[in-house]
Amino acid sequence: MGDIFHQYIDSDFVHRIFGVIRECPQHTFQVLTKRAERSAYYAEGYSYLKNVWFGVTVESDKYLRRINYLPAYNNKCKTFISFEPILGPIGDINLEGINWVIVGGETGPGARPMKIEWARQIRDMCIDQGVPFFFKSHGGVRKKPGHELLDGKIWNQMPAK
């Protein structure tokens, strides 16, 4: 997995990727980035593609500004927020125009812990605002039994096609 909107990724390469997306309408492509501003630039030209979903990563309330770039093209394609890894509280946000929310803790060596309250708060916001919620994992260095459960339940909602 990589971020095609990284500053070192050449624009011609990004256009070639979207060419492949255009030529493969039978597949759904999820384009996730931390570089929301650059993503919005390309999304303006490619949001007509019904098989691409544009998403931003938001690790804590410090990165909420990334969400502001999604509604600009949401009416044309699906958008999502990945709160993964969630590293801090998010606070209340308006999810209008967001089609999907994913939450998960950090994994692997050196993983920073996720507070369960952060995931619950986002889940409850999604329920209140009618946005599908997907909980991936509590995170950690090693997967433990029940790592995919939030309050004893699997949350694997998906947006309607």
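A brief report on the enclosed structure follows.

Analysis parameters
- Residues numbered from 1 in each chain as written.
- Predicted model: local features only at pLDDT ≥ 70, side-chain atom pairs only at ≥ 80, totals over all residues.
- Heavy atoms only, no water.
- Pairing = 2+ DSSP bridges.
- Helix = DSSP H or I, 4+ residues; strand = E, 2+ residues; numbered from the N terminus.
- Buried < 20%, exposed > 50% of the residue type's maximum accessible area, 1.4 Å probe, protein only.
- Core = buried A, V, L, I, M, F, W, Y, C linked by side-chain atoms within 4.5 Å.
- Contact = heavy atoms within 4.5 Å.
- Salt bridge = Lys/Arg side-chain N within 4 Å of Asp/Glu carboxyl O.

## Let's talk about the pairing of strand β1 (residues 29–33)
Step number 1: Direction of pairing for β1 relative to strand β2 (residues 52–57): parallel, over a ladder of 5 bridges. Bridge assignment links Phe-29 to a residue of β2, and that residue is Val-52.

## With respect to unusual backbone geometry
Step number 1: Between Glu-84 and Pro-85 the backbone carries a cis peptide bond, its omega angle lying at 0 degrees.
Step number 2: With respect to the secondary-structure elements, Pro-85 resides in the loop between β3 (78–83) and β4 (100–104).
Step number 3: A positive phi angle is found at Asp-151, which is not glycine, with a value near 55 degrees.
Step number 4: Residue Asp-151 is classed as partly exposed on the basis of its relative accessible area of 43%.

## Let's talk about the nonpolar core
Step number 1: In terms of nonpolar packing, the biggest core is built from 38 residues, with Phe-18, Phe-83, Val-101 and Ile-122 touching the most fellow members.
Step number 2: Setting aside its immediate chain neighbours within four residues, Phe-83 contacts Val-58, Ile-90, Ile-93, Val-101, Ile-102, Val-103, Gly-104 and Ile-122.
Step number 3: Counting 5 residues, the second-largest nonpolar core is a separate cluster that includes Leu-32, Trp-53, Phe-80 and Trp-100.

## Let's talk about the pattern of salt bridges
Step number 1: Across all of its chains, the model carries 8 salt bridges by this definition.
Step number 2: Sharing partners across several salt bridges, the network here consists of Arg-120, Arg-123, Asp-124 and Asp-151.

Worth remembering: the numbers are spatial, not functional.
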